[in-house]
Structure formats: structure tokens, C-alpha cells
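Coordinates in review
Each chain, written out:
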Amino acid sequence: LMPVYAMETALHLPVEVVLEGDRPVQPETFVIQMKALTQNAPMPEQSEGHHFVIEMQGQGKKEIPAIKFTQPGIYQYEIRQKEGNAKNYTYDSCVYNITVYCTSDASKELEITVVAFEEGDGEVKKDKVCFVNRYESPKSSEEANKPAKTGDDTPVQIVLGVLLISGFFILVFSVKRHVEKRK
């Protein structure tokens, strides 16, 4: 016989997407995927099985719809961003492991505690689920063909002009000297 709990409790999990670098002409749609790792873990209502997907147009914050807990337990989830294929974007590949501790108090009311870790980042708790993407504007063909800026702003034409004039004077003086030696 399973105990009956007086209430249910819900988790509203915020997810953020940050876009660094240049500002894109048309914002990309970022896809955030949530997967239940614990069998029979509660999921948002719009989920397909143990999977839930949320889309975000450009950067911003969204909340994963309410996940309702009706039984105590330890529930684990994975949240990741689906890598897109839009040109000039670098997608954040981090994976968040979320553990929800659902406990009951003496009055049989449920309480939840959420702990988030970034996969591969040891035991450092994260205070939010945040994906940092990057966009670099494509270089125009005009910019791509420009010579590299070296820091020397001296116009090449002036340098060539001075060299030509110097060469001319050296030639004139050499010829003049040669002519004077013959006399």
C-alpha cells in the first residue's frame, strides 16, 4: 500500500540562452532538450515520453513548463542544447545533470530541492541552466581581400616616390662625377 500525499508540488525550471559575438541579421532558433534519466520521473505535460523540447528564438530566458511531483523520490534529468547547423554559429555543447530531491514533511506535504551540475565540471553546483552560443558575422568579400593592417600608416606611394627621386639624384650625381673625371 502506497502512502497518500496531501498535495503535489511543481518545479518551474528556467533555461537561458546567451548569444555572444556579433549581432546576427536573422536570429537563430535554439533547441533545448530535456530527458528524464530516472524511470517514471515526472515530465512537463507536453512531453513525448521521457523527452521534452523547448525552442528559443535568439537569446533569452524561458521556463520549462511545470513538472508536477506527487510522490517523494530522487529524480534525475539531463538538459542539453541541440547543436544547430546555421552558418557562423558556435553552439554551447555543455550538458546539465539535474537532480530533484522530492521529500515529504510530517504533514505529508511535498518539498523539492534542485541541484544542477554541468557534466565534466566536477562537483561544482550551477545556479542556473545557461547555454552560451557565439555568432561571428561573415567577412564580406571586400573585407576579406583587404591587406592585413600592420599598424604602419605610411602611404606606400610616398615611400616609392622618395625612393625614385633619390635614385634619380644618385644617378645624376654619378653621371656628373663621371663626366668631370674624364675632363
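This is a predicted model, so every value here is computed, not measured.

1. Quick word on the sheet that holds strand E5 (residues 73-82)
Spatial ordering of the open sheet is given by E3-E2-E5-E7-E8-E9, a layout of 6 strands whose pairing is antiparallel. Unpaired on one side and paired on the other, strand E3 (51-57) and strand E9 (125-126) mark the two borders of the sheet. Examined bridge by bridge, strand E2 (residues 29-36) and E5 share 6 bridges and lie antiparallel to one another. Residue pairing across strands places Ala36 opposite Tyr77, the latter belonging to E5.

2. Points about the state of the cysteines
Applying the stated criterion to the full structure yields 0 disulfides. Free of any disulfide, Cys94 has its nearest neighbouring cysteine sulfur in Cys130, separated by 8.1 Å. We classify Cys94 as buried; its relative accessible area is 10%.

3. Looking at the pairing of strand E1 (residues 9-21)
Pairing analysis gives 8 bridges linking E1 to strand E4 (residues 60-69), with the strands arranged antiparallel. Pairing of Leu13 across the sheet is with Ile64, part of E4. Here E1 pairs with strand E10 (residues 129-135) via 7 bridges, running parallel. Its bridge partner being in E10, Val18 is matched across the sheet by Val132.

4. Examining the environment of His50
Relative to the elements of secondary structure, His50 occurs in the loop between E2 and E3. Between the alpha carbons of His50 and Asn40 there is a distance of 8.4 Å; along the sequence they are 10 residues apart. Setting aside residues up to four positions removed in sequence, His50 forms contacts with Met34, Lys35, Ala36, Thr38, Gln39, Asn40, Ala41 and Met43.

5. Details of unusual backbone geometry
Of note, the phi angle at Asn40 is positive, near 65°, even though the residue is not glycine. Relative to the assigned elements, Asn40 resides in the loop between E2 and E3.

6. Digging into the side chain of Asp92
Position of Asp92 among the secondary structure elements: in the loop between strand E6 (89-90) and strand E7 (95-104). Buried and unpaired, Asp92 has no salt bridge, with Lys126 as the nearest side chain of opposite charge at 9.8 Å. Setting aside chain neighbours within four positions, we find Asp92 in contact with Gln81, Cys130, Phe131, Val132 and Asn133.

7. Structural notes on the sheet that holds E4
One open sheet holds the 4 strands; their spatial order is E4-E1-E10-E6, and the pairing between them is mixed. Looking at strand neighbours, the two that pair on one side only are E4 and E6, the edges of this open sheet.

8. Observations regarding the pattern of salt bridges
Under the definition given, this model contains 7 salt bridges. Between Arg134 and Glu20 there is a salt bridge, and its shortest N-O distance comes to 3.8 Å. Within this pair, whereas Arg134 is found in strand E10, its partner Glu20 is found in strand E1, the two being separated by 114 residues in sequence. Residue Arg80 is joined to Glu78 by a salt bridge in which the shortest nitrogen-to-oxygen separation is 3.1 Å. Given the relative accessible area of 32%, Arg80 is considered partly exposed. What emerges from the salt-bridge pattern is a single network uniting Glu20, Arg134 and Glu136.

The rules behind the values
- Throughout this description, residue numbers start from 1 for each chain and increase along the sequence as written.
- Given that the model is predicted, a residue must reach a pLDDT of at least 70 before its local features are reported, and side-chain atom pairs must reach 80 or more before they are shown or counted; all residues, however, enter totals for whole chains, interfaces and linings.
- Water and hydrogen atoms were dropped before computing side-chain values, which therefore reflect all heavy atoms in the structure.
- One requirement defines pairing of two strands: DSSP has to find at least two bridges between them.
- Strands are runs of DSSP state E lasting at least two residues, helices are runs of H or I lasting at least four, and both sets are numbered from the N terminus onward.
- Sulfur atoms of two cysteines make up a disulfide when they are within 2.5 Å.
- The classification of residues rests on relative accessible area computed with a 1.4 Å probe and restricted to protein chains. Under 20% of the type maximum is buried, over 50% is exposed, and intermediate values are partly exposed.
- By the convention used here, residues are in contact when the closest approach between their heavy atoms is within 4.5 Å.
- Residues scored as positive are Lys and Arg, those scored as negative are Asp and Glu, and His as well as the terminal groups of each chain are ignored.
- Note on definitions: salt bridges are taken to be side-chain nitrogens of Lys or Arg within 4 Å of carboxyl oxygens of Asp or Glu.

Honestly, that's just the spatial picture; any functional story needs more than this.
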